[in-house]
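# Fold and contact review
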Amino acid sequence: MKYFILFGPPGAGKGTQAGAMKQRYNLCHLSTGELLRSEIASGSELGLKAKALIEAGNLVPDEVVEGMIEERFRKTTGVDGFLLDGFPRTIAQAEALDLILGKNGKKVTAVVSIMIPDELIGERIAHRATIEGRADDASPEIVQNRINTYHAKTEPLVDFYRKDGRYHEIDGVGSIEEVQKRIFDLMDRF
Ligand code: AMP
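Residues numbered from 1 in each chain as written. Predicted model: local features only at pLDDT ≥ 70, side-chain atom pairs only at ≥ 80, totals over all residues. Heavy atoms only, no water.

## A look at the site of the ligand
The following threshold applies: Definition of nearness: a residue and a molecule or strand are near each other if at least one heavy atom of the residue lies within 4 Å of the molecule or strand. Polar contact is the term for a pair of N or O atoms within 3.5 Å; when the atoms are in protein, one must be able to donate a hydrogen and the other to accept it, and sequence-neighboring residues count only if both atoms are side-chain atoms. Here, Shrake-Rupley sampling with a 1.4 Å probe gives the accessible areas, and only protein chains in the shown set may cover a residue. In this description a helix means any DSSP run of H or I spanning at least four residues, a strand means any run of E spanning at least two, and both kinds are numbered starting from the N terminus. In this count, Pro and Cys sit with the nonpolar residues alongside Ala, Val, Leu, Ile, Met, Phe, Trp and Tyr, while Asp, Glu, Lys and Arg are called charged and the others, Gly among them, polar.
Close to the ligand lie 16 residues; Thr32, Arg37, Asn58, Gly86 and Gln93 are nearest. Here a nitrogen atom of the ligand and a side-chain polar atom of Thr32 are 2.8 Å apart. Here an oxygen atom of the ligand sits 3.0 Å away from a polar atom, N or O, in the side chain of Arg134. Expressed as a share of its isolated accessible area of 480 Å², the protein-covered part of the ligand is 95%. In terms of residues, the shell around the ligand owes the most to one element, helix H2 (residues 32-42), which gives 4 residues. Partitioning the shell around the ligand into residue classes produces 6 nonpolar, 5 polar and 5 charged.

## Here's the deal with helix H3 (residues 45-55)
Rules: Exposure is judged per residue with a 1.4 Å probe applied to protein chains only, and the accessible area is read against the type maximum: over 50% gives exposed, under 20% gives buried, and values in between give partly exposed. The arc in question is formed by the directions pointing from the helix axis toward the C-beta atoms.
The complete set of buried residues in H3 reads Gly47, Ala50 and Ile54. In a view along the axis of H3, the buried residues occupy a sector of 75°, so they form one face of it. Those residues of H3 that are exposed and aimed more than 90 degrees away from the buried face are Glu45, Leu48, Lys49 and Ala52. In the stretch just after H3, Gly57 is the one whose phi turns positive, near 85°.

## Comments concerning the sheet that holds strand S3 (residues 81-85)
Inclusion rule: Here a strand pair is declared whenever DSSP counts at least two bridges between the two strands. Angular values range over 0 to 180 degrees, each being the angle between N-to-C directions of two axes fitted as lines to C-alpha atoms, with helices fitted over their stretch in contact.
Pairing is parallel across the open sheet formed by 5 strands, whose spatial order is S2-S3-S1-S4-S5. Of all strands in the sheet, those bounded by a partner on one side alone are strand S2 (27-31) and strand S5 (167-171). Adjacent strand axes in the sheet meet at a mean angle of 20°, parallel and antiparallel pairs treated alike. In this sheet, strand S4 (residues 110-115) lies alongside strand S1 (residues 2-7) in parallel orientation, the contact comprising 4 bridges.

## Focus on H2
Just so we agree on the cut-off: The contact criterion used is simple: two residues touch if any of their non-hydrogen atoms lie within 4.5 Å.
Taken together, the buried positions of H2 are Thr32, Gly33, Leu35 and Leu36. Buried residues of H2, viewed axially, fall in a sector of 165°; they line one side. Along H2, the residues that are exposed and aim more than 90 degrees away from the buried face are Ala41 and Ser42. On its buried face, H2 is in contact with S2, H3, helix H4 (62-75) and S3. The first or second residue beyond H2 is Gly43, which carries a positive phi of 75°.

And the structure:
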C-alpha cells in the first residue's frame, strides 16, 4: 500500500488534480474537507460541531480528522494506496498519521506538494466560489484567515517531511494539464 499526501495551500488545485491521480494509481482519495462537508450536509452531530469552525475558516480539532482517516484506512479495500488531501494539516496530525501507519508497519510514501504564491490563492478561490458555492470561499476575510492558518499551522509540515526526504514540490502555476504532467512525472517514480 502506498500513502501519498497531497499538500499545498488552499486553492492550489489539490481537489482538481486528485481525480486523475486517483485513477492513474488506483488510489482511494480521502479529502478531510469533503468528508467534513458531507457530515455537515447529513446533519450529523460531528457535522454540527464542525460547521461553525469550518465556515469561519478555522481548523477542526485534530482528533476529529484523525478518527475519520483511521476509520477510512480500516474500511477501504481494493486499492493500491491512499491519496490524502487536506490531511495532515498540523504537526500533531502528521505525528498521529505516522503512529496510525506505524502500527501496521507502514509509512508515508511521499508528499506531493503543489505550490502557488499567495497572490494566486485569492484569485483561484474567487473563481471556485462561482462554481462550488462553498461557505468558506465566500468572504475575503474568511479566505484570508484560511491562508493565515495555512502559514501558521500547516506550512511547518514542509520541514517535517523534508527532513527525511519524503517532501516533493511541484510548481502549481500553469494550466491543469501542465500541473498534472508535473505530478505524474513525479509520482511515476514511486
Ligand atoms: P479543504 O476542503 O481541505 O479546504 O477543507 C475545508 C475546511 O475543513 C478547512 O478550512 C478546515 O476548517 C476543515 N478541515 C479540513 N481538513 C482538516 C484537517 N486535516 N484538520 C483540521 N481541519 C480540517
